[in-house]
Structure formats: C-alpha cells, structure tokens
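For reference, the chains in residue letters:
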Amino acid sequence: MLKKMIQKRFKTTSRRIAVPALLTIVLYVITMFMLFLPRIEQSFINRKKEMIYELTETVWSLIDNYHARELSGELTRADAQHRAILRISNLRYGPEKKDYFWINDMTPQFIMHPYRPDVVNKAIKDIKDVRDSSLKNLLLKFNEVVAEKGAGYVDYYWQWKDDPDRMSPKLSYVKGFQPWDWIVGTGMYLDDIYAEITAIRNKFMAISTAILGIVLMLSLYSIRQTMKADKELMRVSIERKKLNESLKESKERFQSLLENTSDWIWEIDEKGQYTYSSPRVKALLGFSSDETMHKTIMDFVPFDLKNLYQETFQNLLGGQKSFKGFETTCRKKNGRHVVVENNAVPFFSKNGELLGYRGVTRDITNRKLAMEALKKNRDDLHANLEETVKSLALAEEKRDPYTAGHQTRVDRLACAIARELGLSDHQIEGLHFAALLHDIGKIALPSEFLSKPTLLSHQEHELIKCHSQVGYDILKNINFPWPVAQIVYQHHEYLDGSGYPRNLTDKEILLEAKILTVADVVEAISSHRPYRPSLGMEAALEEIQDGRGIRYHAPSVDACLKLIRDEKIDFS
C-alpha cells in the first residue's frame, strides 16, 4: 500500500518537474529560433551592406580628391584619372584579400576591373565571350541606378573573385562620379554571406543544444533526488503515509587614405582653433568645413555645459601630450545634441614649439545610449537573480512554517558580521545569496521531520544532516559569481572537525561559511523551534563564546557579540 502511494507520488512529482521543463524548452526554442536568430541574421546582412556602402564611399572620396587636384591645376584630367585608376586597382579587402573595386563609365564600358582586364575599355559589342552575354544588361543596370538615384545596390551573377570559371550571386553598391561620368562600385558574394550565417546558426544551435541538455539533466536529476528521498523515508519510518514533495525549479578625407573614415578629421592650432576640418563635419554637426574654421570645440558645446568641459579642454591643450577619450556634448546646427569623442596627437615645430594638434572626432551617441541600456540590463538581471533566490528560499520555508524567516534573519546577521570584518562588497553579496539558500536542501526532507513537535530520533537526525549535501547538489551547477554551493555545503562544519557532512577543519572551510555558521547557530538557539521554545539570545551568545576558536571562527564570534550587544542589528 505504502509502496503504491510512493510510486503514485513519484509519478506526480515527475510530471510537475517535467512539464514546466518541457514548456520552458519549447518557449526557448520558439523565442530563439523564430524571433532572436532571424533578427541576428538580418542585422548581419545589414552590417555587410553598410560595409560595402562605406567602402564605395571611401573610394569615391579618393576619386574626388584627384578631381580636386585636377581643378586646382596640380594634375591634368588624364593624369588624375590614371592615378586614380592605378590606386584603386590595387585596393583589396576581405579575409583572402581578393575582394576588389571596379570602375565603369556611362558609355557603358569598364574603365578598370582588376580580374577582368579583357573587358576593360571595350565596347559591349566587341565582347564575344559567351559567359559575358549579360554584361551589357549589367552595365546598363549600373547606369540606370546611378542615373535615377546617384547610388544604390544592385544584385546579379558574376565570376567568383579571381576565378573566371565560377559564377556566383553578388550584391554590389555603385555610386556615380558625375565630373568624370564614372561609376565606382564594390560588392559582396552572397555565398560568403550565407556561409557565415550558416556558421553563426550552427554555433547558436550548438550552444542552444547544450543549454537544453543542461535543462534536461537538471530535470532528470531533480526526479532522481526525489526518488532517493522517498526510498530513505521508507527505511526510516514505514508508518509515514505522506511522501516528500518534489523540487522546484529556475566621411571623410585628409588628402590621403587617412581621410577614408567616417570620423571628422581636423587640425587645430595651439589655441585650439580649427585650421583644417574635413567635410565629414557636415554630417556630424551640420556645419560646413569653412564654418568651423578658427573656432574651437567649445563653440559647439551648449552654453549651459561649457563650464563642464572648459577646464579639461584647456588642460589638454596645455599638456602638449596625446589625449584620448575626451568626450563632449555638442549642439548641431539643427539644435539637436550629439555626444562626441575627441582623440588627438600634438605636432611641433623644428624648435620643439607646440604648433597644435591633429585628431579625429567620432559620434558616440549610440554607444553611450547602448552603455546605458547595458547597465540597465545588468541591473535588471541582478534584480531577477535576487528575486529568484528569494523565491527558492521561500519555497523551502513554505514547507517549514515553524522556522519561517530563519534564512532571512541569518542573512541579515551574517552580512552584518561580514561588514564588521571588512569583507569586500563582492564577498558580502555572495554570502547574502548563500545565507538565503543555506537550508534549501531541506526541501528534499519529509515535512513531518521539519515540524515534529518532539526531539528527532537518531535516524531522523542523521537524515536531517543530509540537507547540506542536498543543498550543494542543487546549487553546484548554477554558475554563480561566488562559491554559493560550497558555502551552503560547509555551513555546518566546525573548526575542530566535529561538524558535518565532511568533518572539515579550519583551513578547509571558506571564510564565508565560517561567518554563516556563527549566524546560523545564534539564530537557531534564539528562535522558537517546533520541539522547544526559544532559549533566548543570552544562551545563543554563550554557545558561540564557549566554542570561540574551537568550533566557531573567533573574529566572527567577536563581531557578532559586538553587533548584538551594541544593538547595531535588529534581530527581531
């Protein structure tokens, strides 16, 4: 009869653990694979498109630089175009350094293509190769996009990098350079993108599989522990009719390649006034390069914030040293505010006199917002951890109403002792969670033992002593940033080796566990228990004084006595 009751209770317990675990797994799979992963993949593709956009903009800026030199009379148009083609034809990027740029005109015909010299400067009608039968349509498509929008994305099939025998889908960004009737572009091979996305997905699936495996293992472990407790109950007391309840779960230029950046490049004199300002400032602050000349960064800072940055700015100028990370809030031409980061290096005359600084300014508004969001997420995560731990502790206390509040009072006293001993905030936080969970192992014990109004028998007491081991088994696989499981494991160990469950001695016991032991003893003796009334605070203090340095950690005992006698802690 009793055996059937245990089997029935085990089946109920198994379902109560397995069903939430399975629901959690299903919810996790739906959230990750139908919502989170597609967003990651789309974000990855968008970043790749942004990359080829920025690379094309960089090469366009390089061509514009040679055009400027043509306009200034430094170069003829033919010389400027020749130099631009020579320079761009040697540019490569990508993991294999095989990704490239090309140039065609509005004729249309290719002006430069590093891997297809056979089609350069040839009219479409003169190209006889069968595999290039659609080349005219492609060039016309480039021209159409540039004619309509000035720039844009085009997808098509093209040879795989430097391999003329392999055709592959490709997405390119093209932009027209009107002064020369050129179109410059570069692109990415979609096979590369899909391969990277597949690698990300496979890695994500491996991690997800591991997480799901851990969840399943925890569920199976919970069921197994429940079975062991039930069997132990049968050996200890055959007349017990109720079984143990199951466990709960838990832009840009500088007359060289240095200007090929999205940052604002500038030069200032020794007074901080701009003597050079790259055109990127237009996109950053809304002002033209000429509008920034002979002004300082302080002229763009909102009036009410000038005092916040002025002294630091003057110190940086006077320091005649490189500086990094000088953050300021600037007011854009349209009135909006933007947070920027300024980095610069000094330059000197031949006589060693400071001439000024050359540097870059970068928009970090989004980074600042992201950091604030990250801090909020961290704080939320910590709060969720706190509530989860408190819920676990409450689950145990619900089974033992006579000792409700015990773990909270032990936590309060233990943390006060730790602060008195000068432990770091990190250690105290770990002790806090361990104190709230130190009796979590009792969740696996028969509720009749926890509320028994008489003294326990020897066999019952031996079973009660298993709660330290069970608590450790429950917590050891949770990745706390503190040794919470070990503290819980050791909170009944004494300095002289007379404690349980492993008879550890002084040097083998963690400091946090020693503190928790003292707090636990004081609370237990001074509080009411089902089998006896409270023995009083004096009896509790006498116990730790008698065991000072023998069973209990002396500094912890001294700190506890001081806190209670000086009434520095409310133990009610």
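Once a new chain begins, its residue numbering starts again from 1 and follows that chain's sequence as written. Where totals are concerned, whole chains, interfaces and linings use all residues; where local detail is concerned, this predicted model gives features only for residues with pLDDT of at least 70, and gives and counts side-chain atom pairs only at 80 or more. The side-chain figures draw on all heavy atoms in the structure; neither hydrogens nor water molecules are used.

Asker: Which parts of the structure should I look at to understand the overall build of the protein?
Answerer: The secondary structure listing takes helices from DSSP runs of H or I that are at least 4 residues long and strands from runs of E that are at least 2 residues long, numbered from the N terminus. Looking only at helices and strands, one finds 17 helices and 10 strands in the protein. For the protein, with 572 residues in total, the buried portion stands at 46%. Carbon and sulfur atoms make up 55% of the accessible area of the protein, which amounts to about 30,800 Å² in all. Relative accessible area decides the class of each residue, using a 1.4 Å probe on protein chains only: under 20% of the type maximum gives buried, over 50% gives exposed, and in between gives partly exposed. Exposure was quantified through the Shrake-Rupley algorithm and a 1.4 Å probe, taking into account, for residues, occlusion by the shown protein chains and nothing else.

Asker: Could you clarify how one ought to interpret the side chain of Ser289 in this entry?
Answerer: Residue placement: Ser289 occurs in helix H6 (residues 289-292). Here a polar contact is taken to be a pair of N or O atoms separated by no more than 3.5 Å, where protein atoms must pair a possible hydrogen donor with a possible acceptor and residues adjacent in sequence count only if both atoms sit in side chains. Among the polar contacts listed, one links the side chain of Ser289 to the backbone oxygen of Ser278, at a separation of 3.4 Å. Whether two residues are in contact is decided by their heavy atoms: any pair within 4.5 Å suffices. Apart from residues no more than four positions distant in its own chain, Ser289 is found in contact with Ser277, Ser278, Pro279 and Val281.

Asker: Is there a simple way to explain the sheet that holds strand E6 (residues 264-269) in this structure?
Answerer: Adjacent strands of a sheet pair through backbone hydrogen bonds, lying either parallel or antiparallel. Whether two strands pair comes down to DSSP finding at least two bridges between them. Overall, antiparallel pairing links the five strands, which are arranged E7-E6-E10-E9-E8 in an open sheet. Lying at the two open borders of the sheet, with one neighbouring strand each, are strand E7 (274-277) and strand E8 (323-331). On average, adjacent strands in this sheet sit at an angle of 30° to one another, irrespective of strand direction. For E6 and strand E10 (residues 354-363), the ladder comprises six bridges, and the chain directions are antiparallel. Counted as the bridge partner of Glu267 is Arg358 from E10. Lines fitted to C-alpha atoms define the axes, with helix axes restricted to the stretch in contact, and inter-axis angles between N-to-C directions lie between 0 and 180 degrees. Lying over the sheet, helix H7 (residues 306-319) contacts E6, E8 and E10, oriented at roughly 145° with respect to E8.

Asker: Would you take a moment to explain the sheet that holds strand E2 (residues 110-112) for this structure?
Answerer: With respect to topology, five strands assemble into an open sheet ordered E2-E1-E5-E4-E3, the strand pairing being antiparallel. At either end of the open sheet lies a strand with only one pairing partner, and these are E2 and strand E3 (151-160). If you compare each strand with its neighbour and ignore which way they point, the axes differ by 35° on average. Of the pairings in the sheet, the one linking E3 to strand E4 (residues 163-177) comprises 10 bridges and is antiparallel in character. Following the sheet pairing, Gln159 is matched in E4 by Met167. Where helix H2 (residues 77-89) meets the sheet, its contacts fall on strand E1 (101-105), E2 and strand E5 (182-189), and the angle it forms with E2 comes to roughly 75°. Its contacts with the sheet place helix H3 (residues 135-149) against E1, E2, E3, E4 and E5, and it is angled at close to 165° to E3.

Asker: How should the packing of aromatic side chains be read in this particular structure?
Answerer: The description of two aromatic rings rests on the distance between their centres and on the angle between their planes. For Phe, Tyr and Trp, where Trp contributes only its six-membered ring, two rings pair if their centres lie within 6.5 Å, and the inter-plane angle classes them as stacked under 30 degrees, edge-to-face over 60, or tilted in between. If you walk through the whole model with that rule in mind, you get 21 aromatic pairs. Taking 5.2 Å as the distance between ring centres and 55° as the angle between the ring planes, the aromatic pair formed by Phe287 and Phe300 counts as tilted. Residue Phe287 is located in the loop between helix H5 (280-285) and H6, and its partner Phe300 is located in the loop between H6 and H7; the two are separated by 13 residues in the primary sequence. Comparing Phe287 with Phe300 shows no difference in burial state: the two are buried. Look at Phe313 and Phe326: their rings are 6.3 Å apart centre to centre, the planes differ by 10°, and that puts the pair in the stacked class.

Asker: Please explain the nonpolar core as it appears in this structure.
Answerer: The tendency in soluble globular proteins is for nonpolar side chains to be buried as a group. Joining through side-chain atoms within 4.5 Å is the link that ties buried Ala, Val, Leu, Ile, Met, Phe, Trp, Tyr and Cys residues into a set, and such a set is a nonpolar core. Formed by 46 residues in total, the largest nonpolar core has its most connected members in Ile417, Leu475, Val484, Ile544 and Cys560. For this core, the elements supplying multiple residues, two or more each, are helix H9 (406-420), helix H10 (425-437), helix H13 (467-475), helix H14 (484-490), helix H15 (511-526), helix H16 (537-546) and helix H17 (554-565). For Val484, the residues in contact, after removing those within four places along its chain, are Gly430, Phe433, Ala434, Leu437 and Leu475. Judged by nonpolar contacts, the second largest core, of 27 residues, contains Ile63, Tyr66, Phe177 and Ile193.

Asker: How do you make sense of the packing of H15 against H16 when you look at a structure like this?
Answerer: The description of two packed helices rests on the angle between their axes and on the distance between the axes. It is the contact of H15 with H16, at a shortest axis distance of 8 Å, that shows an interaxial angle of 145°. When the axes of H15 and H16 are compared, the crossing they make is right-handed. Residues Val518, Val521, Val522, Ile525 and Ser526 of H15 lie in contact with H16, whose contacting residues are Met537, Ala539, Ala540, Glu543 and Ile544. Looking at the contact of H15 with H16 residue by residue, the class counts come to eight nonpolar, one polar and one charged. Note on convention: the crossing is left-handed when the near helix lies turned anticlockwise from the far helix by less than a right angle, right-handed when the turn is clockwise. The residue classification treats Ala, Val, Leu, Ile, Met, Phe, Trp, Tyr, Cys and Pro as nonpolar and Asp, Glu, Lys and Arg as charged. All others, Gly included, are polar.

Asker: Is there a simple way to think about the environment of Lys125 in this case?
Answerer: Note on placement: Lys125 falls in the loop between E2 and H3. In the structure, Lys125 is positioned 11 residues away from Lys136 in sequence and 8.5 Å away in space, judged by C-alpha atoms.

Asker: Mind showing me how you'd approach the pairing of E4 here?
Answerer: Every regular strand shows the same layout, with side chains that alternate between the two sheet faces. The loop that links E3 with its antiparallel partner E4 comprises two residues; one of these, Lys161, has a positive phi angle of about 50°. As paired strands, E4 and E5 are joined by eight bridges and run antiparallel to one another. Each residue of the ladder has a partner; that of Lys175, found in E5, is Val184. Where E4 hands over to E5, the hairpin turn is made up of four residues, of which Asp181 adopts a positive phi near 55°.

Asker: Any chance you could explain the pattern of salt bridges here in plain terms?
Answerer: It is possible for side chains of opposite charge to pair when their charged atoms get near one another. Think of a salt bridge as a Lys or Arg side-chain nitrogen and an Asp or Glu carboxyl oxygen that are within 4 Å of each other. Summed over the entire model, instances satisfying the criterion amount to 20 salt bridges. Of the charged contacts in the structure, one is a salt bridge between Arg116 and Asp118, with a shortest N-O distance of 2.9 Å. Note that Arg166 is salt-bridged to Asp191, the shortest N-O span being 4.0 Å. In this pair, Arg166 is assigned in strand E4 and Asp191 in helix H4 (residues 190-236), connecting sequence segments 25 residues apart. The partly exposed category is assigned to Arg166, whose relative accessible area is 35%. Residue Asp191 is classed as partly exposed on the basis of its relative accessible area of 30%. Where salt bridges share partners, they join Asp263, Glu341, Arg362 and Arg367 into one cluster.

Asker: Please explain the pairing of E7 as it appears in this structure.
Answerer: Where E6 lies against E7, three bridges are found, and the strand directions are antiparallel. Note on E7: the bridge partner recorded for Ile268 is Tyr274.

Asker: Looking at this structure, how should I read H17?
Answerer: Two residues of an α-helix separated by three or four positions point the same way, owing to the 3.6 residues in each turn. Taking 1.5 Å per residue, 12 residues should reach 16 Å; H17 reaches 16 Å between its end C-alpha atoms and fits that length. The complete set of buried residues in H17 reads Ala554, Ser556, Val557, Ala559, Cys560, Leu561, Leu563 and Ile564. For H17, the elements touching its buried residues are H9, H15 and H16. Remark: Glu567 follows H17 within two positions and exhibits a positive phi of approximately 55°. Every helix has an expected span of 1.5 Å times one less than the residues it contains.

Asker: Please explain a nonpolar patch on the surface as it appears in this structure.
Answerer: A contiguous nonpolar surface patch, about 490 Å² in accessible area, is contributed by Val26, Ile30, Met34, Leu35 and Phe36. Given a relative accessible area of 41%, Phe36 falls into the partly exposed group. Only residues whose relative accessible area exceeds 30% and that form no salt bridge are eligible for patches; like-charged ones are grouped when within 9 Å, while nonpolar side chains (Val, Leu, Ile, Met, Phe, Trp, Tyr) are grouped when within 5 Å.

Asker: Hey, could you run me through H3 in this one?
Answerer: Between the first and last C-alpha of H3 there are 21 Å, a value that for 15 residues agrees with the 21 Å anticipated at 1.5 Å per step. Buried residues of H3: Leu135, Leu138, Leu139, Phe142, Asn143, Val145 and Val146, and no others. The arc that holds the buried residues of H3, viewed along the axis, is 160°, so those residues lie on one side. Facing away from the buried side of H3 by more than 90 degrees, the exposed set consists of Asn137, Ala147 and Glu148. The secondary structure elements touched by the buried residues of H3 are E1, E2, E3, E4 and E5. Working definition: the arc comes from the directions between the helix axis and the C-beta atoms, pointing outward to the latter.

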